[in-house]
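# Examining the three-dimensional arrangement
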Amino acid sequence: MPVDNSMEQLRSTALEELDACTSNLNLQEWRVRFLGRKGLLTGLLRGLKNLEPLERKVVGSEANQLKVFLEGRLALAEGRLIEQETLILGENDRIDVTRPGRLKKGGGYHPLTKIRREIEAAFISMGFQVVEGPEIEWERYNFELLNIPKNHPSRDIWDTLWVDYRNERGERNMLLRTHTSPMQARIMEQEEPPIRVIVPGKVYRYEATDRTHEWHFHQVEGLAVARGITFADMKGTLYEFARRIFGSDRKVRFRCDYFPFVEPGVDMSIDYLAPGATTHDWLEIMGAGMVHPKVLEGVGYDPEEYTGFAFGIGLERIAMLKYGIDDIRLFFDNDLRFLRQF
Amino acid sequence: MKIPISWLKDFVDIRIPVDELADKLTMAGLEVGSVDRVGGWDKCLVGCVRSVTPHPNADRLRLCEVDTGSTIHQVICGAPNVTAGQKICFAEIGASLFDPRNSKPMTLKAAKIRGEISEGMICSELELGLSDEHEGILVLPEDAPTGMPLDDYLGDYILDIEPTPNRADWFSILGVAYEIAALTGEEIHEPSVEYPEEGEDIHNQVKVTIETADLCPRYSASLIKGVSIHESPGWLQDRLKKAGIKVVNNVVDVTNYVMWEYGQPLHAFDYERLLKQHVIIRKGYTGEEIVTLDGVQRALLSDTLVIADDRDAIALAGIIGSKHSEIVDITRDVFLESASFDPGNNRKTAQGFGLRTEANIRFEKGLRPGLVNIALKRATRLINLVAGGMVAKGQIDEYPGREEPRKIRLTLLKIKHVLGIEISLSNIVKTLKGLGFQCFVTDNAVDVSIPYWRSDIMMEEDLVEEVARIMGYEAIPTTMLSSPIPHHKIQDFYTFRENIRDLLVREGLQEIVTYSACSLEALRRMRLIGDSGKLVRLANPMSSDFEYMRPVMGAHMLQTLISNLSFNRGPIAIFEMGRVYLKQENDLPEERDIVAGLLYGPYSEEGWLALDGEFDFYDAKGIVESLLGRLFLTGDYTALDEGFLHPGKSASINLFDRSVGKIGEIHPVVQKEFGVTEGTAVYFEMDVRSMFEMATETIPRIKALARFPSTIRAVSLLVDRKVTSVSIQSIFQRNKLITKAVLEDVYEGDGIPGQKCSLTFRVYLQSPIKTLSSDEANNVIDKVLGILKSETGAILRGTEGQD
């Protein structure tokens, strides 16, 4: 039989049988039968050795073409088979993907932790460090060292919860800190300038509770003291804080205010559109100012050499503004329906 | 404090809109809480009553003819005080008024009353919304210009200001006027303090003795004899009413009026009631009493500063007068006091008596002695003007605490140093002069003389603030800190604690924040009260709910649980990172950082995939173990005696033989006390500082990874129930070829004797140098079984009864 014919026949048989393949297994058998080492095509090629060299070359090339052709058809058939199987999988092996997934029990942070971390991150990026201090304090740190002497009317700003304790002179001098500011004095007593710290923590006031007041809340105190710190530096730092927390389109206002431990004193407000209101209002978000020379003197710093600024931020107020919370009591009610929204 | 704009205008011209003024004051530090408008009386004019005739058909009504300049209106009026010639407030038809019957707004309509037409209304104060006064019509001064719109004549704006406690001068019109002058560039006009002195020399008629010069640096007085006490004139009453001050009589009203103007409280005594015409400033005697103007009898203390006559205390100095010497209708001679008192003593005394008076509010802020005589002269002039009489020659002026003029140098360098900008000398001088400071320019500095009404300016920095706040904080640029960043101190503990917070959130717990104080009752429910003397108690707690600083975290966790149960049946998994407070002798209490958690209810959220079962001890323990594992710590768990936990299902959590916390089911009795009647709450708490101290010793060291496969054997043991699984596990793991033994199953029940249980361990055997053969593995297990039997009595299950 001429080689041409047998090659043509092999080709048509192979294609016929390939079409009949319906599984991967069939395809593998087909490959062995036609293209394998002991397959029909190899057998055909083996017969070539009897031919003339010239003819052998021609036929050999044709046989190789046939091999490439059949390999191509095999690849196509494999692809077709995968498509068919995919179609069948999609038809017969379906799940309802809309059913709820297997939930990992959800934990979450208290909103005050979230906002505190945001504030900390803003100041840490400006070179501040986080420190903490005692919530139960001596009157000396909470008031005297902050230029708030006994019987001074500015004490009215801080209604105080006192600890049932008297010193050897019979005076009540232990209290729940009314602000995080006592740490200003404590830090400066322990450290030499330069200082850049923030102090997050709980503070307490003798204050009746309502939507905007709690007897127990949180502050973040800030203090920066070094040579050459100015009011302009304070403005820059606090602007940057506001930009980080509230976004750069929020307007900020600095007005004069009085706190005995700073001079000049500042109240920083941001513009605020109350729910239902049509005009913006200013809402105070922190008190600040240049550290009072008497405070610096009190801890042994030379006010002619060092200057600095301090600030106190109310965490609850920032969280209320940022998350649209309208009642401060929600923070301590610990209703899980509220907490799980954060 | 309320300040009418019309009154302010006596002292300073105001040419900007009132809202702008309020904004400027607020920015400069004097917060204007609100601006209230007096007026808005459309179609109301100053009218003149031309005639009053009886109403022909009604006894109580009168027909009045009211001239408004261009027209004469007939009006029916029922007020008893209407007479011809009066200047009154006339409302035309269409005017908007307050209905006297219900105080609601109404529009005035033409009316016909018993046959007579009424073309408007003569208004009372109530109808104009000025006060609740409706006894009669409001009569205006005779010089009120007929036909002038009432808004122009009576209209006003009231600033409600909120002065800061450092600014005594902001409690006065003068102080606020200077503020406005500086902010708007206007001039100040100080009112007249002149009057004729026609009487006998005051020094011959009264003697003043200051016994306590430290508490009373200056005492001045004048004497006005032969006054007539009656109602104040309309203009005076009008201003006091707008300022929210109660009107009393002409003399008392003047003292209040001048206090508002200058911020200096004054007190008028009935001269004839002063025993021996001797006034003494002294401290109270033990047992001494005074009946103050509010009618309260008060016992004086030895540090109470009083004004006394030759025998009795007649006033609490700078706070309140006495009934005994008050100005009454029959008073003829007035002894008028203007003095300085020590602010600290004044505040302490007022607080001690629970009093807060306008005088005390000002004295406690610290008033300069320089205010005393000027306010005295102003008040003497006005009393003379409104109550008549004759002023004695001269004034008493005892001034033992004479104050030197206050001068402070402000340098350009200080401005630059504090504010970070340069301000020219001329701008500094202009700003300070506007506030009433006297300035003397020298090289690169200004010598500033502090005016008598400013008690807050003590040092150079105070002047820096004055310049900055009047020029406006907005004028100061913003710069970023350029000072050196301090060395970073490694905040291991803080990071460690935040890490625990993160890990517990990852374990599925919701963070809560609770109050730091609790009630004794809550501690009793926790079975925790041994000795309440060991607790940190507050002297003035908000309520008994918050009387004690919490010594434990658990009570608030249980309260949070019960408060959530009405909306939520679980799963509830919460934690708090907070402090507990432990009393220490003669020192601040110890504040200990604690992390506590509580689990309650079904193990998983409801749903088609929900797993059955409720949280139990081992869920809490899993969380603790996972937490410790992440911190490279391994705890061991030993028996615990803790009153609020279940005695059989609780443990101490130990790290290196040191207890760092506790874990267990809440004692059923405690749980019931808190109102949780079903289910089981599981609790854990750990001392974060102790964990931190242990964790610093536990730095992870990397072990080489095994190169040969491990062989696994399941070993079921029959053991006595008192033998702990951890003791068996550790015997397995003592063998060098066993890498771990995992407790795979626990079985008690059929086929197991009552006192025993079956524990199945999955034991991993591995050699670092080769793959273990099956025989080698079996040999290891046999060896360990021998040890287990001798040390714990455990035997291989299925070999019971064999030797």
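Residues numbered from 1 in each chain as written. Chains lettered and ligands numbered in written order. Predicted model: local features only at pLDDT ≥ 70, side-chain atom pairs only at ≥ 80, totals over all residues.

### Remarks on the interface of chain A and chain B
Inclusion rule: For every residue pair, C-beta atoms are placed from the backbone, and the pair is scored as a contact if these atoms sit within 7 Å. Each residue is assigned to one of three groups, with Ala, Val, Leu, Ile, Met, Phe, Trp, Tyr, Cys and Pro labelled nonpolar, Asp, Glu, Lys and Arg labelled charged, and all others, Gly among them, labelled polar.
Of the residues lining the interface, 71 residues belong to chain A; the matching set on chain B comes to 77 residues. Of the residues that constitute the side of chain A that touches chain B, the class distribution is 36 nonpolar, 16 polar and 19 charged.

### Observations concerning the domain arrangement of chain B
Many authors give the size of an interface as the accessible area that is lost as the parts come together. What counts is decided by this rule: For every domain, the bounds stem from an assignment made automatically or drawn from a database.
Looking at the assigned domains, one finds that chain B contains domain 1 (2-39 + 158-184), domain 2 (44-154), domain 3 (202-398), domain 4 (407-475), domain 5 (492-695) and domain 6 (711-796). Summarising the inter-unit geometry, the C-alpha centres of domain 5 of chain B and domain 6 of chain B are found 35 Å apart.

### Concerning the pairing of strand E16 (residues 266-270) of chain B
Each regular strand shows side chains that alternate between the opposite faces of the sheet. Residue and element names in this part refer to chain B. Heads up, the condition is: Burial in this document is a count-based property: other C-beta atoms within 10 Å of a residue's C-beta are tallied, and the residue is buried at 20 or more, exposed at 12 or fewer, or partly exposed in between, with C-beta positions derived from the backbone. Under the scheme used here, helices are H or I runs from DSSP no shorter than 4 residues and strands are E runs no shorter than 2 residues, and both carry numbers assigned from the N terminus. At least two bridges found by DSSP between two strands is the condition for calling them paired.
Among the 5 residues of E16, 5 are classified as buried, and the element is accordingly described as predominantly covered. Going residue by residue along E16, you find Leu-266, Ala-268 and Asp-270 tucked away on one face and His-267 and Phe-269 tucked away on the opposite face as well. In this structure, E16 lies alongside strand E23 (residues 334-340), joined through 5 bridges in antiparallel fashion. Counted as the bridge partner of Leu-266 is Ser-338 from E23.

### A word on the sheet that holds strand E40 (residues 756-765) of chain B
Residues and elements named next belong to chain B. Condition: Only C-alpha atoms enter the line fits that serve as axes; for helices the fit covers just the stretch in contact. Angles between N-to-C directions range over 0 to 180 degrees.
Pairing within the open sheet is antiparallel, and its 4 strands lie in the order E39-E40-E38-E41. Each edge of the open sheet is held by one strand with a lone partner, namely strand E39 (738-747) and strand E41 (795-796). The sheet contact formed by strand E38 (residues 711-720) and E41 spans 2 bridges and is antiparallel. When the sheet's bridge partners are listed, Leu-717 is paired in E41 with Leu-796. Of the strands in this sheet, E38, E39 and E40 are in contact with helix H19 (residues 725-734), which crosses E39 at around 150°. Packed on one face of the sheet, helix H20 (residues 774-792) meets E38, E39, E40 and E41 and runs near 15° to E38.

### Focus on the sheet that holds strand E21 (residues 313-316) of chain B
All names here are of chain B. One open sheet accounts for 5 strands, arranged E14-E17-E20-E21-E22; its pairing is mixed. Either end of the sheet is taken by a strand with one partner, and the two such strands are strand E14 (207-210) and strand E22 (320-321). Where E21 and E22 come together, 2 bridges link them in antiparallel fashion. Its bridge partner lying in E22, Ala-315 is registered against Gly-321.

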